[in-house]
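Geometric and topological summary
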Amino acid sequence: MAEVIKQQDKRKQLIFGDGEVKKATLSYQSTEKGSKVVIPVQFNPSEYSISRRAEYNNTTGKLQEPHPNNLQSKGSFLASLRVKLTLDTATEYPDYVVKSGLKKYIDSDKELSDICKDLSMLTKMYPKTHAQSLVTFSWGEMEFIGFIKDLNINYKMFNRKGYPVRVELDISMIGEDK
């Protein structure tokens, strides 16, 4: 019995560790400001998915059975990342330390509105460069670098002035992971 508990403790240590919990971040190079902007995420996602795709031509002749040996690669595509993130300023968390990337928003009544506006701008093409900003989603050892393909902002809770205090972000990016 003691051996089973010891194995369970060892497994928990491997999964949960004993150090600081790594927080997910979104970062991008601001075209307007010329500096890197980092938006820390309060809550790590419960999951994310990375998908890859390749296309093939079928070279099977007429009246022949298809077979994988008769496929010819047409090429591969960039990877896609899909992640859901929650930003919440309504709930007080005594142990939560405000990250430096959020400090510029904290003094504003419209803090989540400002964050969502900044994120929405990442889907736009800048007239001077004719390109979107390159975005990095980082969490622990994983980094995904690319462009925001889809951004869905779901406003979930509001303060008395009508400003959002909780939002869910559904982000889809195209790029590559490191």
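Relevant structure appears above.
Every chain is numbered independently, its residues counted from 1 as its sequence is written. Two thresholds apply to this predicted model, a pLDDT of at least 70 for residue-level local features and 80 or more for giving and counting side-chain atom pairs, whereas whole-chain, interface and lining totals are computed over all residues. Only hydrogens and water are set aside when side-chain values are computed; all heavy atoms of the structure are taken into account.

Within the chain one finds three helices and nine strands. Numbering of helices and strands runs from the N terminus; a helix is a DSSP stretch of H or I covering at least four residues, while a strand is a stretch of E covering at least two. Taken from the N to the C terminus, the helices and strands of the chain come in the order α-β-β-β-β-β-β-α-α-β-β-β. Think of it in three bands: with a 1.4 Å probe and only protein chains considered, a residue is buried below 20% of the maximum accessible area for its type, exposed above 50%, and partly exposed in between. Expressed as a percentage of the 178 residues in the chain, the buried residues total 27%. Working rule for contacts: check all heavy atoms of both residues, and any pair within 4.5 Å makes them a contact. Looking at the chain alone, contacts between residues at least 24 apart form 59% of all its contacts between residues at least 6 apart. Here the Shrake-Rupley method, with its probe set to 1.4 Å, supplies the accessible areas, and only the displayed protein chains count as covering residues. Of the roughly 12700 Å² of accessible surface on the chain, 51% is carried by carbon and sulfur atoms.

What follows deals with the pattern of salt bridges. Salt bridge, as applied in this entry: a Lys or Arg side-chain nitrogen positioned within 4 Å of an Asp or Glu carboxyl oxygen. Here the structure, examined in full by the defined rule, presents seven salt bridges. One salt bridge connects Asp-88 with Arg-166, and the closest N-O pair in it is separated by 2.8 Å. Taken together, the residues Asp-88 in strand E6 (residues 79–88) and Arg-166 in strand E9 (residues 164–177) connect sequence positions 78 residues apart. The structure contains a network of salt bridges with shared partners spanning Arg-52, Glu-176 and Asp-177.

Glancing now at the nonpolar core. As used in this record, nonpolar core signifies buried Ala, Val, Leu, Ile, Met, Phe, Trp, Tyr and Cys residues forming a set joined through side-chain atoms within 4.5 Å. Ranked by internal contacts, the top residues of the largest apolar core, which has 26 residues, are Leu-85, Phe-137, Leu-169, Ile-171 and Met-173. Sorting the residues of this core by element identifies strand E1 (25–29), strand E2 (36–40), E6, helix H3 (111–121), strand E7 (135–139), strand E8 (142–158) and E9 as the ones contributing at least two each. Setting aside residues no more than four positions away along its own chain, Leu-169 makes contact with Val-83, Lys-84, Leu-85, Leu-87, Cys-116, Leu-119, Asn-152 and Ile-153.

What follows covers the environment of Ile-171. Relative to the elements of secondary structure, Ile-171 occurs in strand E9. Looking at Ile-171, the relative accessible area reads 1%, which means it is buried. In the structure, Ile-171 is positioned 22 residues away from Lys-149 in sequence and 7.8 Å away in space, judged by C-alpha atoms. The contacts of Ile-171, once residues within four sequence positions are left out, are Leu-26, Leu-81, Arg-82, Val-83, Leu-85, Ile-148, Asp-150 and Leu-151.

Each pair of strands is called paired provided DSSP finds at least two bridges between the two strands. Bridge count for E6 against E9 is 10 bridges, and the pairing is antiparallel. Note that in E9 the partner of Val-83 across the bridge is Ile-171. Summarising the sheet, E8 and E9 pair through 13 bridges and their orientation is antiparallel. Bridge pairing in E9 links Ile-148 to Met-173. A loop of five residues connects E8 with E9, the two strands running antiparallel in sequence, and Gly-162 in this loop sits at a positive phi of about 90°.

What follows concerns the packing of aromatic side chains. Centres within 6.5 Å are what make two rings of Phe, Tyr or Trp a pair, Trp counting through its six-membered ring; a difference in plane orientation under 30 degrees is then read as stacked, over 60 as edge-to-face, and the rest as tilted. Enumeration over the complete set of coordinates arrives at one aromatic pair. On the numbers, 6.0 Å between centres and 65° between planes, the contact of Tyr-48 with Trp-139 is edge-to-face. Of this pair, Tyr-48 sits in strand E3 (residues 48–51) while Trp-139 is found in strand E7, placing the two residues 91 residues apart along the sequence. Look at Tyr-48 and you get partly exposed, because its relative accessible area is 34%. Take Trp-139: its relative accessible area is 22%, and that puts it in the partly exposed class.

Strand order across the open sheet formed by seven strands is E2-E1-E7-E8-E9-E6-E3, with antiparallel pairing between neighbours. Edge positions in the open sheet fall to E2 and E3, since each of these has one partner strand only. Direction aside, neighbouring strands of the sheet carry axes that sit 30° apart on average. Bridge count for E1 against E2 is five bridges, and the pairing is antiparallel. What sits directly across from Ser-27, in E2, is Val-38. Packed onto the sheet, H3 meets E1, E2, E6, E8 and E9 and runs at close to 20° relative to E9. With axes taken as lines fitted to C-alpha atoms, and helix axes fitted only over the stretch in contact, angles between N-to-C directions fall between 0 and 180 degrees.

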